[in-house]
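Chain residues, written in single-letter form:
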Amino acid sequence: MTDEQEQPHLVSLVLQSKKALQHGEQLCSQANNLSTASSQVAVDVLVLDAKVRWITDNVLEQLKLAASVAKSIEEKRVRLSGRVQEWDNLRSKRTTELDVILEELGSQRVPPDFHQTSADSSLFGSQHSEDEDKAPNVELTRQSPSDTVLPRRPSKRQDERRNWKTLRDFVDDQAIEDILQSMEDDRTSAEDIMNRSCDFPETLNNAIANIRDSLPDIPPVPSIEQLLTSQDTLIVSMAGHLESLAAHYDQMAGALRDSESGEAFNEEDIQQMNRDTAELPSIMSELEESLGQIDATHAVLSSTRETDRKHLEQLSRTLDDLEELGDIMGEMLQVQESVEAECDERLGELEEHLQTIQSLHERFVSYQASFRKLVLEIARRKQYKEAAESIVRGMMAELEARTEEERRVREHFNKEHGAHLPEDICLCIRNAPTKWEVVPQINEELEVLPELSQDFIAQAKTQLERVSAGQVNGVKSM
């Protein structure tokens, strides 16, 4: 009875051992295949990760160069804008000075007697009015000393001076407007040239940011060595379990053969075989768990490899964008170089405009000063003329008195002695004394000077003294 009960039990244990061994062999075979595949995938991961990192690092280096190009263009634009701003500041100063002197010329009244009809009488040509063309001409004669004194014009009342012309009326405002307009046109042209590259830095920086954002976010590479080491440990552990399964199966198969040959087993042996067989599910569970871990390692490596492949595809498009950016930068640098060359040329022309404005200012300052000195010169000449006329009048009065006295003396002589002298002796004795008249030299015209009031002369003198004092104070402050 004991042998009959043990025989079926051993067969069941052998079948369980055999099934466990076969399942274990299958699990170990899968584990071995996955381990081999994981090793190859690990190599691929290392190669792909190296490529991704190398390409990414190179792209970042190229983006640094592109950023430096953008910064260089921006710095060049800033320097160019600074030069233009300096010119704008200087233009504002020069035009303000010109406006000030023109306003001063507009406040400087010119007596009507000063008006000239010659086209060459002013800085840019006189701006004549009809009343000038109708001004009466003074005819000069050489008949008598009294004619050396100009006929006095009616004196101008102070309130009539507001109708006088100013020095500004003798300036060609249209010519000045043309100069200012030409300067403004060239300034606008320079601005248009600069605007051709105004968006270059921003465009480059945006393109750089887009390419940088498109770079893959590379996670840390899993520890390949650790994964493979852990995997090998699992393989060794599974191999040990497989050996245990094989040994258990051999043991059970041997026990079955011994039982069939008539050997009897005691209760302790049977319990031991049952305990060993009961441990088979635990061993199988460990094998399956180990296989799951090996499969997970393979999955991690495969996922990493797939991610790196996608990163390479993404970087391929990034490299195309980077190449396009390089072409764009080349074009921008050429345009910027052209902009700088054209702006240099325009700035040279603008400098010439400022020189013209400064020259106008200096000429108008000299024009104003010369007019004031002209007033003083006319006053001086007036004094000279009056002194000369006084001398002439004195000489004429003395000559007339002497002539009259000579006439009376001669009449007395002729009356007393003329009747006693032969008529054909010294005929000139009966001549009257020569009458004299002091007149200008032949072909010389009488000098005509404008009439100037004393307050007008004093005003010109005060203005000149004020300007002279300002210049002296300016030199001392310097």
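In this text the structure is predicted, and so the values were computed from the model without any measurement.

**Brief notes about the confidence of the model for the chain**
Alright, step 1. Here the chain averages 81 in pLDDT, and 86% of its residues register 70 or above.
Alright, step 2. Confidence, expressed as mean pLDDT per element, reaches its minimum in the chain at helix α2 (residues 130-133) with 42 and its maximum at helix α3 (residues 173-195) with 94.
Alright, step 3. Across residues 1-6, where pLDDT falls below 50, the model places three contacts with residues more than four positions away in sequence or in other chains.

**Some remarks on empty space enclosed by the protein**
Alright, step 1. Inspection of every chain in the model, using the stated rule, returns one cavity of 30 Å³ or more.
Alright, step 2. Estimates place the volume of the largest cavity at around 30 Å³.
Alright, step 3. Every residue along the wall of the largest cavity is listed here: Q108, F371, R372, V375, F456, Q459, A460 and Q463.
Alright, step 4. Elements represented by at least two residues in the lining of the largest cavity include exactly α7 (280-417) and α8 (454-477).

**Here we look at the packing of aromatic side chains**
Alright, step 1. As enumerated under the stated definition, the model contains two aromatic pairs in all.
Alright, step 2. Look at W164 and F456: their rings are 5.9 Å apart centre to centre, the planes differ by 65 degrees, and that puts the pair in the edge-to-face class. Residue W164 is located in the loop between α2 and β2 (165-166), and its partner F456 is located in helix α8; the two are separated by 292 residues in the primary sequence.
Alright, step 3. Since its relative accessible area comes to 12%, W164 is described here as buried.
Alright, step 4. What makes F456 buried here is its relative accessible area of 3%.
Alright, step 5. Directly above the aromatic system of F170 lies the positively charged group of K165, at a separation of 5.7 Å from the ring centroid.

**Describing the nonpolar core**
Alright, step 1. L98, L105, F364 and V375 are the most contacted members of the largest nonpolar core, which has 36 residues in total.
Alright, step 2. A per-element tally of this core places α7 first, with 13 residues.
Alright, step 3. Excluding residues within four positions of it along the chain, L105 makes contact with T166, L167, R168, V171, F364, Y367 and Q368.
Alright, step 4. Of all hydrophobic cores here, the second largest spans 19 residues; its members include V69, I73, F200 and L215.

**Considering the pattern of salt bridges**
Alright, step 1. For the coordinates displayed, the defined rule picks out 22 salt bridges.
Alright, step 2. R187 is the salt-bridge partner of E191, the closest N and O atoms lying 2.9 Å from each other. A residue pair is termed a helical-turn pair when its members lie 3 or 4 positions apart in one helix, as E191 and R187 do in helix α3 at four residues.
Alright, step 3. Under the relative-accessibility criterion, E191 is labelled partly exposed at 30%.
Alright, step 4. The exposure class assigned to R187 is buried, which follows from its relative accessible area of 12%.
Alright, step 5. Here E404 makes a salt bridge to R407, at a shortest N to O gap of 2.3 Å. Placement of the pair is E404 and R407 together in helix α7, with a separation of three residues, close to one helical turn.
Alright, step 6. On the accessibility criterion, E404 (33% relative accessible area) is partly exposed.
Alright, step 7. Through salt bridges with shared partners, a single ionic network connects D88, R91, E184, R187 and E191.

Definitions and cut-offs
- One numbering rule holds for all chains: residues counted from 1, following each sequence as written.
- Given that this is a predicted model, residues contribute local features only at a pLDDT of at least 70 and side-chain atom pairs are listed and counted only at 80 or more, while totals for whole chains, interfaces and linings are drawn from all residues.
- Side-chain measures here rest on the full set of heavy atoms in the structure, leaving out hydrogens and waters.
- A score between 0 and 100, pLDDT records how confident the predictor is in each residue.
- Here a helix means four or more residues in a row that DSSP labels H or I, a strand means two or more in a row labelled E, and each is numbered from the N terminus.
- The contact definition used throughout considers only heavy atoms, calling two residues in contact when any of these lie within 4.5 Å.
- The rule is simple: put a 1 Å grid over the protein atoms alone, call a set of points where a 1.4 Å probe fits but cannot get out a cavity, call an open set with protein on both sides within 12 Å along at least five of seven lines a pocket, and count a residue as lining if it has an atom within 4 Å of a point.
- Grid points are joined across faces, edges and corners, and a volume is the space filled by probe spheres set on the points.
- Note on ring pairs: Phe, Tyr and Trp rings are taken, using the six-membered ring of Trp, and paired if centres are within 6.5 Å. Classes follow the plane angle, with under 30 degrees stacked, over 60 edge-to-face and the rest tilted.
- Only protein chains enter the accessibility calculation, which uses a 1.4 Å probe; a residue whose area is less than 20% of its type maximum is buried, one above 50% is exposed, and one in between is partly exposed.
- Criterion for a charge above a ring: Lys NZ or Arg CZ within 6 Å of the ring centre, and within 35 degrees of the ring normal.
- Residues belong to a common nonpolar core when they are buried Ala, Val, Leu, Ile, Met, Phe, Trp, Tyr or Cys residues joined through side-chain atoms within 4.5 Å.
- Salt bridge, as used here, is a side-chain nitrogen of Lys or Arg placed within 4 Å of a carboxyl oxygen of Asp or Glu.

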